[in-house]
Amino acid sequence: MAGLSVEYYTRIERGSLDGVSEQVLDAIARALLLDDAEREHLAHLARPDASAALTPHRRRPAPAKVTRPALQWVLDTITTGPAFVRNGRLDFLAGNRLGRAFYAPALTDTQRAPNLARFLFLDPAGRDFHPDWEIAADNSVAILRTEAGRNPHDRALHDLVGELSTRSAAFASRWARHDVRRHSAGTKRFNHPVVGEVTVAYEGLEMTSDAGLVMNIYAAEPGSESDERLRLLGSWAATQLDANQNEEADRA
């Protein structure tokens, strides 16, 4: 279907991609009915050096922290829904108050950047937090696999994948599938330990000013039970903040 000999295609499947033309890659993508995310992944695998020259920001390891204070200011202006910034490794890097309260079960690790994939696969609370755990697991691994194609030399990503593959059979089996996808919009269900089950729509916005970072914003349907529960979570988060500030004042 792609117009290639069996020998040539077999060589490509084994990873011998030197000299493969764009026309050949396009023919393979059409024959395999690849979607946009899969086509992009194929291009990254076939042209790592060319991709670096054309889009150097994609070849740098995903940022491990947020360095611009203005980004936190922007997050803090979002007050009615959870908002947070992550990198391609699914490290939770920054959030507004509601975002931090929403993901509080995943933000307990004080020794390193909280990682949503590590929480999902290695923390028992991850299964409670995600009622649709199988879907969440598939999506998380696909995001990490996509990032591995973009940044094959990211040591921190290699370490994370190694840790998860060793400690979670569910992760290892999914990683072996080589699934990739874009995760930019949709709906999700969560089971928050404070307010219960919440269904939200989400938008993932790639940040052109901070390459490799994605801002995720959640919103519940106005007037819905989930909307009321997010409001309740916001009140709880404000109460917790006031309590923490009072404790700090007493210690001072």
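Above this text is the structure in question.
A few points on the structure. (Residues numbered from 1 in each chain as written. Predicted model: local features only at pLDDT ≥ 70, side-chain atom pairs only at ≥ 80, totals over all residues. Heavy atoms only, no water.)

This part is about the nonpolar core. Side chains of a nonpolar character, in soluble globular proteins, are inclined to be buried together. With 36 residues, the main nonpolar core has Phe 102, Tyr 103, Phe 121, Leu 144, Phe 171 and Tyr 218 as its most contacted residues. Mapped onto this core, the elements with two or more residues apiece are helix 7 (97–102), helix 8 (116–122), helix 10 (133–150), helix 11 (155–167), helix 12 (169–175), strand 4 (196–206) and helix 13 (225–251). Tallying contributions element by element places helix 10 first for this core, with six residues. Contact partners of Tyr 218, with chain neighbours within four places excluded, come to Gly 81, Pro 82, Phe 84, Phe 102, Tyr 103, Lys 188, Phe 190, Val 200, Ala 201 and Tyr 202. (Core = buried A, V, L, I, M, F, W, Y, C linked by side-chain atoms within 4.5 Å. Buried < 20%, exposed > 50% of the residue type's maximum accessible area, 1.4 Å probe, protein only. Helix = DSSP H or I, 4+ residues; strand = E, 2+ residues; numbered from the N terminus. Contact = heavy atoms within 4.5 Å.)

Moving on, we get to the pattern of salt bridges. Taken as a whole and judged by the stated rule, the model has 18 salt bridges. Across the pair Asp 109 and Arg 112 runs a salt bridge, and its minimum N-O distance is 3.0 Å. Looking at Arg 112, the relative accessible area reads 42%, which means it is partly exposed. A salt bridge links Arg 189 to Glu 197, with the shortest nitrogen-to-oxygen separation between them at 3.0 Å. (Salt bridge = Lys/Arg side-chain N within 4 Å of Asp/Glu carboxyl O.)

Summed over the entire model, instances satisfying the criterion amount to 17 aromatic pairs. Here the aromatic rings of Phe 102 and Phe 129 are separated by 5.9 Å at their centres, their planes lie at 70 degrees, and the arrangement is edge-to-face. Here Phe 102, found in helix 7, pairs with Phe 129, found in helix 9 (residues 124–129); they are 27 residues apart in sequence, far enough to count as distant. In this structure Phe 102 comes out as buried when scored by relative accessible area, which is 1%. Using a relative accessible area of 1% as the deciding quantity, one classes Phe 129 as buried. Between Tyr 103 and Phe 190, the aromatic rings sit 6.2 Å apart at their centres with planes inclined by 80 degrees, giving edge-to-face as the arrangement. Remark: Phe 190 occurs in strand 3 (residues 185–192) and Tyr 103 occurs in the loop between helix 7 and helix 8; sequence separation between them is 87 residues. Tyr 103 gets classed as buried once you look at its relative accessible area, which sits at 4%. Members of the aromatic cluster, connected to one another through ring pairs, are Phe 84, Phe 92, Phe 102, Tyr 103, Phe 119, Phe 129, Phe 190 and Tyr 218. Note that Arg 145 overlies the ring of Trp 175, its terminal NZ or CZ placed 3.8 Å from the centroid. Residue placement shows Lys 188 over the ring face of Tyr 202; its charged tip is 4.9 Å from the ring centre. (Phe/Tyr/Trp six-rings, centres within 6.5 Å; stacked < 30°, edge-to-face > 60°. Lys NZ or Arg CZ within 6 Å of the ring centre and 35° of its normal.)

As a further point, take the packing of helix 2 (residues 22–31) against helix 3 (residues 36–46). One way to put it is that helix 2 packs onto helix 3 with a least axis distance of 11 Å and a crossing angle of 145 degrees. Where helix 2 crosses over helix 3, the handedness of that crossing is right-handed. On helix 3, the residues that touch Leu 25, Asp 26, Ala 29 and Arg 30 of helix 2 are Arg 39, Leu 42 and Ala 46. The residue makeup of the contact of helix 2 with helix 3, split by class, is four nonpolar, no polar and three charged. (Axes fitted to C-alpha atoms, helices over the stretch in contact; angles between N-to-C directions. Left-handed = near helix turned anticlockwise from the far one by under 90°. Nonpolar A, V, L, I, M, F, W, Y, C, P; charged D, E, K, R; others polar.)

Such coordinate-based values are descriptive only and should not be taken to indicate function.
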